[in-house]
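Observations on the three-dimensional arrangement
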Amino acid sequence: MIGSHRFALRALSVAIVTTTAGLSFNAHASMGNLGTSYGVMPIDVGTAQSLSMFNDQVSATYYNPASLTSDQRGELTAGILHAEQELRSKNPNADGDVLSNSPSQHVLIGMKTNLGSLTRFKHPIYLGFVAGVEKYGKEMLAFGSETSETGQYLQYGREPLFLNIGGATPIWRGISVGASVRITLEATANLDAVSTLGGETSRERLAVSAEPSMKTILGTRVDLGSTFCPDSNCFLDGWETAFTYRTKSSASTTVDSNIIVTQTIPDPGLSLAVTTIDSFQPETFAIGTQYVGDGWRVGGSIEQQNWSELEDIFASDTIKDQGSVAPGNRIRFDDILIPRLGGEYQLNKNFAVRGGVAYEKSPLKTTRNPELNYLDTDKIIVGLGISATYDRTRLLAYPVRLDLGYQYQQLQKRDFTLVDFDGNETDVTADGDVHVVSGSITLKF
């Protein structure tokens, strides 16, 4: 009977592999996303997201949809992002220190337009969207979820589909408001099959579906000079402030399998249900301010990210199951504050340069996480960027803009204790380096 059950489990594992093959490209789950980990567009990458709440490009639908109103023209933007990661874990039992060096590669496209002309009131109403797909457009549903004996990083896996859509409108004297939705996918796969004791399946039936899950992003932007001094000059001229709120969001995958094993497990068969989280983005509150001078601007923001809610989500994850771990030893997370500071200088009418810095404290509170062995460290983030505007176009009504952004993330050293599946403990030190390059072209209309 024990041997039969082994064959049954083998057959079931074949079924699970068959099912997930339609969805997975060996991508590890990421407790972050393109917007929170690096930046959506080159301006966000090059300023370490310090000016993102005031960015008038399509990435505003994620950072602050109210900023869609800051440029009345329509926009079409296409871009790419490439991130090289060397995530290290100094482990005395390992052959080398590099734990992961899989790159992240995204193709991005976005558009914004004014729908005010559709109404008789002619009041401007801006609609925008931005979409990004991993591996330069080849992966939309890739996922991976696992426990680890050697350690795995919390925030630098792949999150293939990035999709935001939203709108904004000015409401009164320099005050604009906006709302958007962050769209993630809830993927479901069902497999029924008959298997022999040797693991050969037949009469398979596979059904895969993915339903969208929409999470809200709210934002406002205030030009303080226009609001409080509309008819005269005052000390508030040039100052702007912004507020934004993003609800928590996550993508998950559920696999339901039912296997009948010939001569061993009759109908209704052996069932296995697996539910796992693919990615998680914490509830976020942010406030930012900037001062716009003659050809330059400087600004910053403070973000609060509520990562503690992730503990409850792990409780229902059947792969990252913490049920066998004593309550006092289960993984825990802290809510964190992230300060960002950046600036931009217009060299002339065609070229502008920008830069930014940020310090991101790790939300992972526990350094000993049995069954999971997650690693995460504090990060120092530095960004640089440049824009070039080509205004001598023969066919286009408006200038063409090219943006480049570079970002370096230094992961600070942090000590962890790994616990393998037999309960043996190993002390390791985690650190790493991340290099991000992003480029885009923007057409106005």
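Structure: see above.
Calculation notes
- Residues numbered from 1 in each chain as written.
- Predicted model: local features only at pLDDT ≥ 70, side-chain atom pairs only at ≥ 80, totals over all residues.
- Heavy atoms only, no water.
- Helix = DSSP H or I, 4+ residues; strand = E, 2+ residues; numbered from the N terminus.
- Rg over C-alpha atoms; globule rule 2.2 N^0.38 Å.
- Buried < 20%, exposed > 50% of the residue type's maximum accessible area, 1.4 Å probe, protein only.
- Contact = heavy atoms within 4.5 Å.
- Areas by Shrake-Rupley, 256 points an atom, 1.4 Å probe, with all protein chains shown as cover.
- Disulfide = S-S within 2.5 Å.
- Phe/Tyr/Trp six-rings, centres within 6.5 Å; stacked < 30°, edge-to-face > 60°.
- Pairing = 2+ DSSP bridges.

**Examining the overall build of the chain**
- Of regular secondary structure, the chain possesses seven helices and 19 strands.
- Taking 2.2 N^0.38 as the reference for a compact globule, 445 residues should give roughly 22 Å; the C-alpha atoms of the chain span a radius of gyration of 25 Å, in line with that estimate.
- Considering only C-alpha atoms, the chain reaches an extent of 90 × 50 × 40 Å along its principal axes.
- Looking at the 445 residues of the chain, the share that counts as buried comes to 50%.
- Put simply, of all contacts in the chain between residues at least 6 apart along the chain, 72% involve residues at least 24 apart.
- Surface exposure of the chain reaches about 20400 Å², of which carbon and sulfur atoms provide 57%.

**Focus on the state of the cysteines**
- Going through the model one piece at a time under the given rule, you end up with one disulfide.
- Two residues, C229 and C234, share a disulfide whose sulfurs are 1.9 Å apart. One quick way to see it: the torsion about the S-S bond of C229 and C234 is about 95 degrees, and its sign makes the bridge right-handed.
- The class for C229 is buried, based on a relative accessible area of 14%.

**Side note on unusual backbone geometry**
- Cis geometry marks the peptide bond from D267 to P268; its omega dihedral reads 15 degrees.
- When you line up the elements, P268 lands in strand β11 (residues 265-281).
- At K122, a position not held by glycine, the phi torsion is positive, near 60 degrees.
- Of note, K122 is situated in the loop between β3 (104-114) and β4 (126-133).
- For K122, a relative accessible area of 58% corresponds to the exposed category.

**As for the packing of aromatic side chains**
- Tallying each qualifying case throughout the model produces nine aromatic pairs.
- For the pair Y38 and Y156, a centre-to-centre distance of 6.3 Å together with 45 degrees between the ring planes defines the contact as tilted. Pair noted here: Y38 is in the loop between α2 (34-37) and α3 (42-46) and Y156 is in the loop between β5 (152-153) and β6 (161-172), with a separation of 118 residues, a long-range link.
- Three or more aromatic residues joined by ring pairs make a cluster, and in this case those are Y62, Y63 and F162.

**Quick word on the pairing of β3**
- Alignment of strand β1 (residues 75-90) against β3, held across nine bridges, turns out to be antiparallel. What sits directly across from A78, in β3, is I109.
- As paired strands, β3 and β4 are joined by eight bridges and run antiparallel to one another. Note on β4: the bridge partner recorded for L108 is G132.

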